[in-house]
Amino acid sequence: MLTLWKDFVKGLWKENPVFVMLLGMCPTLAVTNTATNGLAMGLATSFVLLGSGIVNSLVKRLIPDEVRIPSFIVIIATFVTIVDYSAKAYVPAIAESLKLFIPLIVVNCLILGRSESFASKQPVHRTIADALGMGVGFTWALTFLGIIREVIGFGTVFRGTSLAIQVMGEWFQPWLIMVLPAGAFLTLGTVLGVMNYFKNRAASVKVDLQDSTGESCHTV
Amino acid sequence: MGKEKIDIKLIVVLTSIMIISALVLSLVYQATTPLINEHAAQAKKEAILDVLPGAVKYEKLEKGGLELYQGLDEAGSPVGIAFQHEGNGFQGTIILMIGMDVENQKLLKVKILDQLDTPGLGARMAEEEFKGQFQGKSFSDNFVAKEDVDAIAGATISSQAVSNILKDAIATVEQAYSGGE
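If you're wondering where the values come from, they're calculated on a predicted model, not measured in any experiment.

### Regarding the overall build of chain A
Move 1: Within chain A one finds nine helices and two strands.
Move 2: Counted from the first residue to the last, chain A has its helices and strands arranged as α-α-α-α-α-α-α-β-β-α-α.
Move 3: The long-range fraction of contacts in chain A, counting pairs at least 24 apart against all pairs at least 6 apart in sequence, stands at 74%.
Move 4: Of the roughly 11,400 Å² of accessible surface on chain A, a fraction of 71% belongs to carbon and sulfur atoms.
Move 5: Here chain A contributes 16 positive and 13 negative side-chain charges, whose respective centroids are spaced 3 Å apart.

What follows is the structure, encoded as structure tokens:
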């Protein structure tokens, strides 16, 4: 049970696909111009991650090494196509705003990466925990970036949905650049910079503590 | 011999995966296609009625190889035609639904169905402030941004693109009418 929990939790923060592993940068940069788009993209990717992870983990013994990657890609593509059709049929508004980026989930390196490095080696139940963790990690990261960009670029959150909130007042002049491609780089770069700053500081505080307390550290 | 065996296994495995994928996808396709078509038809229907003020229904009309939609009001009398036309925008194709009054040689209403231009600049073509100005515009106007068309600030190219598509659409429809009669 503890192993499963660890498999799940690592994707949320410690090995977050976006902020730590820097995987799946194309959708991260391309569709996070609004919170809704980020959330929808995250959920679509999570579904593919989970579905293809389960199948790839189940069939891993049947697939010869030579055709492992082509087989994985076909399975991933199948799940992506299911998402594509379902989105168009059941949530046309979201399918419309994500457009080309749904079929492009096939080439999201996060998905093949998890299939290769985790699902192809671990049993199904651990793969499910891993896929859920990575999926939630990817989704919150994309939504977070989407919220930052949308608030600064439009002054709203979840615009165009029933949850829409006007965050900024009338006085606010939206920074258009934040919802354009350049804004993606600015936001991601700044967020990564801030995160690394705090991470490094936390690490150096730990070192300081160890230095000042000397021997006592070893006994802890 | 041993090598051959592996080759056959590769083929069998990949082929089976493909077949299973194809089966699953054809099921999903069958389940979702009616809904997808319904959404597309619904969106088109709304767009056609939207650009023909006063119309409550419409009928398809073939003229000179063009697909036109004749809008009808409650009494069943024609209120104009709708025509879908597209052209290049600043960053991608712009698709317009255009309501026209061919008899009186003027535009009724324009609706932007799809565009990829810059959000906040060119994309503001979808706002009433810009597209509303084409209401009642005469076919014989020049359709030049910053002259007879008020351009969106900072998006002259997008504004001109919409004007060009309209101009082209008018020419296409007029040709169809003159050739068809």
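### Some words on the overall build of chain B
Move 1: From N to C terminus, chain B includes three helices and five strands.
Move 2: Moving toward the C terminus, one meets the helices and strands of chain B in the order α-β-β-β-β-β-α-α.
Move 3: C-alpha extents for chain B along the principal axes are approximately 80 × 45 × 30 Å.
Move 4: Counting every position in chain B, which comprises 181 residues, the buried fraction comes to 38%.
Move 5: Considering only contacts in chain B between residues 6 or more positions apart, those separated by 24 or more positions represent 47%.
Move 6: Accessible surface, chain B as shown: approximately 10,000 Å² in total, 54% of it carbon and sulfur.
Move 7: The positive charge centre, built from 16 side chains, and the negative charge centre, built from 25, are 7 Å apart in chain B.

### Concerning the UniProt feature "modified residue: FMN phosphoryl threonine" (unreviewed entry) in chain B
All names here are of chain B.
Move 1: Using the residue numbers shown here, the UniProt feature "modified residue: FMN phosphoryl threonine" (unreviewed entry) corresponds to Thr-156.
Move 2: Among the structural elements, Thr-156 can be located in helix H3 (residues 156-180).
Move 3: Thr-156 gets classed as partly exposed once you look at its relative accessible area, which sits at 31%.
Move 4: If we skip the residues at most four places from it in the chain, Thr-156 touches Ala-145, Lys-146 and Ala-151.

### Topic: the pattern of salt bridges
Move 1: Summed over all chains, the structure comprises 15 salt bridges over all chains.
Move 2: A salt bridge links Arg-124 of chain B to Glu-129 of chain B; the nearest nitrogen and oxygen atoms lie 4.0 Å apart.
Move 3: Given the relative accessible area of 29%, Arg-124 of chain B is considered partly exposed.
Move 4: Salt bridges sharing partners connect three or more residues here, namely Lys-10, Arg-114 and Asp-130 of chain A.

### What to know about the sheet that holds strand E2 (residues 66-72) of chain B
Residue and element names in this part refer to chain B.
Move 1: Read across the open sheet, the five strands follow the order E1-E2-E3-E4-E5; overall the sheet is antiparallel. Whereas interior strands pair on both sides, the edge strands pair on one side only; in this sheet they are strand E1 (57-63) and strand E5 (106-114). Each neighbouring strand pair of the sheet contributes to a mean axis angle of 30 degrees, computed without reference to strand direction.
Move 2: Of the strand pairs in this sheet, strand E4 (residues 93-101) and E5 are connected by seven bridges, and their pairing is antiparallel. When the bridges of E5 are listed, Met-100 appears paired with Leu-107.

### Let's talk about the interface of chain A and chain B
Move 1: Tallying the contact residues gives 23 residues for chain A and 22 residues for chain B.
Move 2: When the two sides are added together, the surface that chain A and chain B hide from each other amounts to roughly 1,900 Å², 79% of it contributed by carbon and sulfur.
Move 3: The largest contributions to the chain A side of the interface with chain B come from Val-74, Tyr-85 and Ala-89 of chain A, which together make up 25% of the buried area.
Move 4: Linking chain A with chain B are zero salt bridges.
Move 5: There are two residue pairs in polar contact (both at pLDDT 80 or more) connecting chain A and chain B.
Move 6: Where the side of chain A that touches chain B is concerned, the elements lending two or more residues are helix H4 (68-90) and helix H5 (92-98) of chain A.
Move 7: Per-element accounting of the side of chain A that touches chain B gives the leading share, 12 residues, to H4 of chain A.
Move 8: Of the residues in the side of chain A that touches chain B, the class split is 15 nonpolar, four polar and four charged.

What counts and how
Residues numbered from 1 in each chain as written. Chains lettered and ligands numbered in written order. Predicted model: local features only at pLDDT ≥ 70, side-chain atom pairs only at ≥ 80, totals over all residues. Heavy atoms only, no water. Helix = DSSP H or I, 4+ residues; strand = E, 2+ residues; numbered from the N terminus. Contact = heavy atoms within 4.5 Å. Areas by Shrake-Rupley, 256 points an atom, 1.4 Å probe, with all protein chains shown as cover. Lys, Arg positive; Asp, Glu negative; His and termini not counted. Charge placed at Lys NZ, Arg CZ, Asp CG, Glu CD. Buried < 20%, exposed > 50% of the residue type's maximum accessible area, 1.4 Å probe, protein only. UniProt positions renumbered as here; feature names shortened; annotations may be inferred. Salt bridge = Lys/Arg side-chain N within 4 Å of Asp/Glu carboxyl O. Pairing = 2+ DSSP bridges. Axes fitted to C-alpha atoms, helices over the stretch in contact; angles between N-to-C directions. Buried area = accessible area lost by both parts, 1.4 Å probe. Polar contact = N/O pair within 3.5 Å; in protein donor to acceptor, adjacent residues only side chain to side chain. Nonpolar A, V, L, I, M, F, W, Y, C, P; charged D, E, K, R; others polar.

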